[in-house]
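A closer look at the structure
For reference, the chains in residue letters:
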Amino acid sequence: MKARGFAALKPSGTFQLFDFQRRSVGPNDVLIEIDYAGICHSDIHQIRQEWGPARFPMVPGHEIVGHVIEIGEKVRKFNKGDRAGVGVYINSCMKCTPCLSGMSQYCDEGMIETYNSIDRDGSFTYGGYSNNYVIDEMFAVKIPENLDFKAVAPLLCAGITLYSPLKHWKIGKDSKVAVLGLGGLGHMGVKIAAALGAEVTVFSHSEDKRSDALSMGARHFFNYGEVKNKKRNFDLILNTVSANLDLTDLIHSLKVEGSLVSIGIPPEPYQIHPGLLIGGRKSVSGSMIGSVEELQEMLNFCSNNMIVSEIELIEPNYIDQAYARTIASDVRYRFVIDIKSWREEWSESAL
């Protein structure tokens, strides 16, 4: 099946139009016509090969929403015209212990990523900066009708990345949660934790984000340097930044049996003295997205609480500038590419 998208042809290269092939729609597949695709910072990491060697040409994008325009003969989950989404991964072995226990994102054989990956049939995966996507219905999700479609896109990664640890650590109305960093990830953590009933504190280096944090549901906003004054204060800290940090003060600010969860990936390993943890049965953990089932649960939760991402909508010809601004933290809070308008214009020009 023919597809067209925007690709980097080499590491850190500028984006240009790229024609490629997707597989034909199989019995269990749905064909999604893409309307919007979010820009995730991990797209930039992969383009720049900061997480290891990558495959080029690369069409990034794993925050994808659109409409189903074709279904396979065995599909039962979707009908033509349904709003559908694709997140960070599109396949797994479905036979290992994590897969069978509802955690296919941690597949023992490795999840198959939405782009820059080799699918189980040997084909190369291209992402959502494109006009369509073919996916097994098992790995696609339904997008609630009451949510702003374009602002839903970042939920497919940023939303689930924050929802999953908040649910795993059973955050609720008696919980005190701190979010470190108010960016594309952090702002989703604030909204979701507040909707779960938690008392939310934001630590940030950007004083100009105070009003944003409070409007999103945070009760407190402090400069990061004030962490040292919050000893034994938090049940859970969500570290969404990717900078090298001294975790000492953060760990001191955890309550007994509290957890510091790393979501951002720093360029260098953290240095942690075990004595910081022993004194309060504290833990330093990590979390990565969620299963497809949890992704759907998160979308339903956001539907019930009217939660979407704060976005800036851009045209595809602005992707390079959007990457530069994302690196400079110059976006509030996620860029979303308007694939629909480009797709319609391209289709008309092709006639």
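Relevant structure appears above.
Below, the structure is looked at part by part.

The rules behind the values
Residues numbered from 1 in each chain as written. Predicted model: local features only at pLDDT ≥ 70, side-chain atom pairs only at ≥ 80, totals over all residues. Heavy atoms only, no water. Core = buried A, V, L, I, M, F, W, Y, C linked by side-chain atoms within 4.5 Å. Buried < 20%, exposed > 50% of the residue type's maximum accessible area, 1.4 Å probe, protein only. Phe/Tyr/Trp six-rings, centres within 6.5 Å; stacked < 30°, edge-to-face > 60°. Helix = DSSP H or I, 4+ residues; strand = E, 2+ residues; numbered from the N terminus. Lys NZ or Arg CZ within 6 Å of the ring centre and 35° of its normal. Pairing = 2+ DSSP bridges. Axes fitted to C-alpha atoms, helices over the stretch in contact; angles between N-to-C directions. Contact = heavy atoms within 4.5 Å. Salt bridge = Lys/Arg side-chain N within 4 Å of Asp/Glu carboxyl O. Parallel < 35°, antiparallel > 145°, perpendicular 65-115°, else oblique. Nonpolar A, V, L, I, M, F, W, Y, C, P; charged D, E, K, R; others polar. Arc of directions from axis to C-beta.

1. With respect to the nonpolar core
Core analysis: the largest hydrophobic core is formed by 94 residues, its most contacted members being I39, Y129, I135, V152, L166, V177 and L238. In this structure, A178, L250, Y270 and L276 belong to the second largest nonpolar core, which totals 16 residues.

2. A few points about the packing of aromatic side chains
The final tally for this structure, using the stated rule, is 13 aromatic pairs. Their ring planes at 90 degrees and their centres at 5.8 Å tell us that F203 and F234 sit as a pair that is edge-to-face. Of this pair, F203 sits in strand 11 (residues 199–204) while F234 sits in strand 13 (residues 234–239), placing them 31 residues apart in sequence. Classification of F203 by relative accessible area gives buried; the value is 2%. One cation-aromatic arrangement involves R83 over F149; the distance from NZ or CZ to the ring centre is 4.2 Å.

3. Points about the sheet that holds strand 13
Pairing in this open sheet of six strands is parallel, and the strands run 12-11-10-13-14-15 from one edge to the other. The sheet is open, and its two borders are formed by strand 12 (220–223) and strand 15 (283–286), each paired with just one other strand. On average, each strand axis in the sheet is tilted by 20 degrees relative to the strand beside it, whichever way the strands run. In this sheet, strand 12 lies alongside strand 11 in parallel orientation, the contact comprising four bridges. For F203, the partnering residue across the bridge sits in strand 12 and is F222. The sheet strands contacting helix 4 (residues 158–168) are strand 10 (176–180), strand 13 and strand 14 (254–262), and the helix crosses strand 13 at an angle near 160 degrees.

4. Some remarks on the environment of G102
Here G102 is to be found in the loop between helix 2 (97–100) and strand 7 (112–113). According to the relative accessible area criterion, G102 is partly exposed, its value standing at 35%. Put simply, G102 and E293 are 191 residues apart on the chain and 7.4 Å apart in space, counted from C-alpha to C-alpha.

5. Quick look at unusual backbone geometry
For the bond from F56 to P57, the omega torsion is 0 degrees, close enough to zero to count as cis. In this model, R332 is joined to Y333 through a cis peptide bond whose omega is -5 degrees. Mapped onto the secondary structure, Y333 falls in the loop between helix 10 (319–327) and strand 17 (334–338). One non-glycine residue, Q49, adopts positive backbone phi at about 55 degrees. Position of Q49 relative to the elements: it lies in the loop between helix 1 (41–47) and strand 4 (64–71). Taking relative accessible area as the criterion, Q49 reaches 32% and is therefore assigned partly exposed. One non-glycine residue, R281, lies in positive phi territory at about 45 degrees. Tracing the sequence through the fold places R281 in the loop between helix 8 (275–278) and strand 15. Take R281: its relative accessible area is 64%, and that puts it in the exposed class.

6. Focus: the pairing of strand 14
With five bridges joining them, strand 13 and strand 14 adopt parallel strand pairing. Bridge pairing in strand 14 places F234 opposite L254.

7. So, the pattern of salt bridges
Within this structure, the stated rule accounts for 21 salt bridges. Among the salt bridges present, the one from R219 reaches E199, with a minimum N-O distance of 3.9 Å. Taken as a pair, R219 in the loop between helix 6 (210–215) and strand 12 and E199 in strand 11 lie far apart in primary sequence, 20 residues in all. For R325, the salt bridge identified is with E312, shortest N-O distance 2.9 Å. Here R325 is found in helix 10, whereas its partner E312 is found in strand 16 (residues 311–314), with 13 residues between them in sequence. Bridged by salt links that share partners, the residues R23, D29 and D119 form one connected network.

8. Focus on the packing of helix 4 against helix 9 (residues 292–305)
In contact at an axis separation of 10 Å, helix 4 and helix 9 are set at 95 degrees when each is read in the N-to-C sense. Classified by the interaxial angle, the pair formed by helix 4 and helix 9 is roughly perpendicular. Of the residues in helix 9, those in contact with G159, I160, Y163, S164 and K167 of helix 4 are E294, L295, E297, M298 and F301. Each residue belonging to the contact of helix 4 with helix 9 can be placed in one class, and the counts come to five nonpolar, two polar and three charged.

9. Considering helix 10
Of the residues making up helix 10, those classed as buried are I319, A322, Y323, R325 and T326. Seen from one end, helix 10 has its buried residues packed into an arc of 170 degrees, which puts them on one side. Residues of helix 10 that are buried make contact with strand 1 (2–8), strand 2 (15–21), helix 1, strand 16 and strand 17. Positive phi appears at S329, one or two residues downstream of helix 10, with a value of about 60 degrees.

10. Focus on the environment of P27
Tracing the backbone through its elements, the reader meets P27 in the loop between strand 2 and strand 3 (29–38). We classify P27 as partly exposed; its relative accessible area is 39%. Taking the C-alpha atoms as reference points, P27 and E137, separated by 110 residues in sequence, lie 9.7 Å from one another. With sequence-adjacent residues up to four places away left out, P27 is seen in contact with G72, E73, K74 and V75.

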